[in-house]
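Summary of structural features
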Amino acid sequence: MHRAVISGSGLYAAPDLISNEELVAAYNEYARRFNADNAERIAGGEVAALEPSSVEFIEKASGIRQRRVVEKSGVLDPQRMRPRLTRRPDEALSLQAEMAVAAAREALANAGRTAADIDLVICAASAMQRAFPAIAIEVQHALGIAQGAAFDMDVACSSATFALDLARQNILTGAARAVLIVNPEVCSVGLAWKDRDCHFIFGDVATALVVERADETRADECWEILGAKLATRYSNNIRSNQGFYSHCEDRDPDDRDQYFMQEGRKVFKEVCPMAAEHIAAHLADLGLQPAGVRRFWLHQANIAMNQLIGKRLLGREATADDAPIILDEFANTASAGSIVAFHQHRADLQRGDHGVLCSFGAGYSIGSLVLRKL
Ligand code: CO8
């Protein structure tokens, strides 16, 4: 059996930035027009008037201050309220692959590796741009990785952590020597920007990781994966019904259930205890205590969720040093969130320090990895 390490990471942030102020102004203009256009139906009780959104609510309820997106003018256009994307020819690199390749180049450089070293590529994200060919194969091709295999996988917010476990297992068994994981999360295309309950939640980024054999790594800094623990429990509280079937069911693309939907309160109440118990049990399996963990790179959906999970684990308020928050800057970036936290907040740890990377979200799905800096 080999030992598996994370030897490099990369981050690509989508180019356009939307502040809460800009987002709320666009939504409120959309709501004002909707109410004016539907004044009679609203007066007759046929449809409900739209209430305005507010910056104060968003920051208090979520901790999000801004988000990066692939295209903002369409999102902020009250007539449109979704990104404005140009269709690319089939011969051109697709948007999701382009983002993944940018993050991958940084991760490879970080690990001191090139395309010639990678023998497995996993594209793990909460939604793929198309059904086939796999985005991972396009990324493999674009990077000039001439050997091995590539495939896509999707476990919503836990896509990246589940992929990390898969990479780890391929390294442990000797099935692969060096695995590239990419997480191009283009959440802005699946978000219901016309729904004030969730219009502020998501942003777009891509992350990448290199996982390889500990005894072959060339990186100055690497992280041994001591163990992984995955769990799923079926829930409809976070759902999107968009897919091939929509067309055959003669669905209107504007139907609300074709976009991200959630029962936010229920998710909060159900997922926080599950995640805290999951991490504590995982640490116990490895003979470790939460208090002995130097850093928690938690999923980034909501600041209060992370505070509650931190408190349950540590028995005190978790500081930004215990469990860094990146969603103020990037918003919820689905499975990439905990990887962004890891990418940006690990350099200060010492050799021998332990860290926990953990995702939680739709499915429900929870994935944790216990790491030790070598
Ligand atoms: N502005 C002002 N007021 C608002 C707004 C707004 N924008 N939105 C809601 N309100 C109002 C509500 O109407 C409500 O009013 P009232 O009390 O009169 O009914 C009041 O504010 C409180 O609303 P909520 O109860 O909804 O507020 P919460 O405090 O629960 O906060 C949150 C809402 C922030 C959504 C919170 O519940 C939350 O973060 N929950 C956890 C969500 C979560 O973790 N979800 C995971 C989703 S991500 C995932 O798993 C991956 C999906 C894959 C990606 C897909 C890409 C699109």
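1. As for the overall build of the protein chain
Check the secondary structure of the protein chain and you find 11 helices and 13 strands. Scaling as 2.2 N^0.38, a compact globule of 374 residues should have a C-alpha radius of gyration of about 21 Å, and the protein chain matches this with 21 Å. Seen through its principal axes, the protein chain has C-alpha atoms that stretch 70 × 55 × 35 Å. Every one of the 374 residues in the protein chain was classed for burial, and the buried ones make up 53%.

2. Here's the deal with the site of the ligand
Of all residues adjacent to the ligand, which total 26 residues, the nearest are Cys157, Arg196, Gln262, Asn302 and Ala362. Arg196 places a main-chain nitrogen or oxygen 2.8 Å from a nitrogen atom of the ligand. At a separation of 2.7 Å, an oxygen atom of the ligand approaches a polar side-chain atom of Asn302. In isolation the ligand exposes 1,200 Å². Once the protein is present, 75% of that is buried. Counting residues per element, the shell around the ligand draws most heavily on helix α8 (residues 264–285), which supplies three residues. Its residues placed into classes, the shell around the ligand shows 13 nonpolar, 10 polar and three charged.

3. Quick notes on the pattern of salt bridges
Under the criterion given, the structure shown has 28 salt bridges. Two residues, Glu249 and Arg251, come together in a salt bridge whose shortest N-O distance is 3.4 Å. Here the residues in one salt-bridge network are Arg113, Asp117, Glu212 and Arg218, joined through shared partners.

4. Focus: helix α1 (residues 20–37)
The end-to-end C-alpha distance of α1, which contains 18 residues, comes to 25 Å, matching closely the 26 Å that a straight helix rising 1.5 Å per residue would cover. Here α1 has its buried residues at Asn20, Leu23, Val24, Ala26, Tyr27, Tyr30 and Ala31. Seen end-on, α1 carries its buried residues on one side only, within an arc spanning 165 degrees. What points out from α1, more than 90 degrees from its buried face, is the exposed set Ala36 and Asp37. The inward-facing, buried residues of α1 abut β2 (16–19), α3 (55–62) and β3 (66–69).

5. Looking at the sheet that holds strand β6 (residues 178–186)
Note: strands within a sheet are paired through backbone hydrogen bonds, in either parallel or antiparallel orientation. Taken in spatial order, the nine strands of this open sheet run β5-β4-β6-β7-β1-β8-β13-β12-β11, and their pairing is mixed. Across the chains shown, the open sheet's two edge strands, defined by having one partner strand only, are β5 (149–153) and β11 (295–298). Taking the axes of each pair of neighbouring strands and ignoring which way they run, one obtains an average angle of 25 degrees across the sheet. Relative to strand β12 (residues 354–361), β11 is paired through four bridges, and the arrangement is parallel. Across the sheet, residue Trp297 finds its bridge partner in β12, namely Leu357. Relative to the sheet, helix α11 (residues 337–344) contacts β1 (4–13), β6, β7 (204–213), β8 (223–232), β11, β12 and β13 (365–373), its axis offset from that of β1 by approximately 100 degrees.

6. A look at a nonpolar patch on the surface
Judged by side-chain polarity, Phe132, Phe244 and Tyr245 come together as a nonpolar surface patch covering roughly 470 Å² of accessible area. Locating Phe244 in the fold gives a position in helix α7 (residues 244–248).

7. Brief notes about the packing of aromatic side chains
Summed over the entire model, instances satisfying the criterion amount to seven aromatic pairs. Where Phe202 meets Phe260, the ring centres are 4.7 Å apart and the plane angle is 80 degrees; that geometry is what we call edge-to-face. Linking Phe202 in the loop between β6 and β7 with Phe260 in the loop between α7 and β10 (261–262), this pair joins segments that are 58 residues apart in sequence. For the pair shown, Phe202 and Phe260 are each scored as buried. Taking the centre distance of 5.7 Å and the plane angle of 75 degrees together, the rings of Trp223 and Phe342 count as edge-to-face. With Trp223 in strand β8 and Phe342 in helix α11, this residue pair connects regions lying 119 residues apart in the sequence. Each member of the pair, Trp223 together with Phe342, is buried. Feature note: the residues Tyr27, Tyr30 and Phe34 constitute an aromatic cluster, connected by ring pairs. Positioned above the aromatic ring of Phe342 is the side chain of Arg346, whose terminal nitrogen or guanidinium carbon lies 4.6 Å from the ring centre.

Definitions and cut-offs
Residues numbered from 1 in each chain as written. Predicted model: local features only at pLDDT ≥ 70, side-chain atom pairs only at ≥ 80, totals over all residues. Heavy atoms only, no water. Helix = DSSP H or I, 4+ residues; strand = E, 2+ residues; numbered from the N terminus. Rg over C-alpha atoms; globule rule 2.2 N^0.38 Å. Buried < 20%, exposed > 50% of the residue type's maximum accessible area, 1.4 Å probe, protein only. Near = heavy atom within 4 Å. Polar contact = N/O pair within 3.5 Å; in protein donor to acceptor, adjacent residues only side chain to side chain. Areas by Shrake-Rupley, 256 points an atom, 1.4 Å probe, with all protein chains shown as cover. Nonpolar A, V, L, I, M, F, W, Y, C, P; charged D, E, K, R; others polar. Salt bridge = Lys/Arg side-chain N within 4 Å of Asp/Glu carboxyl O. Expected span 1.5 Å × (residues − 1). Arc of directions from axis to C-beta. Contact = heavy atoms within 4.5 Å. Pairing = 2+ DSSP bridges. Axes fitted to C-alpha atoms, helices over the stretch in contact; angles between N-to-C directions. Patch = residues over 30% accessible without salt bridge, like charges linked within 9 Å, V, L, I, M, F, W, Y side chains within 5 Å. Phe/Tyr/Trp six-rings, centres within 6.5 Å; stacked < 30°, edge-to-face > 60°. Lys NZ or Arg CZ within 6 Å of the ring centre and 35° of its normal.

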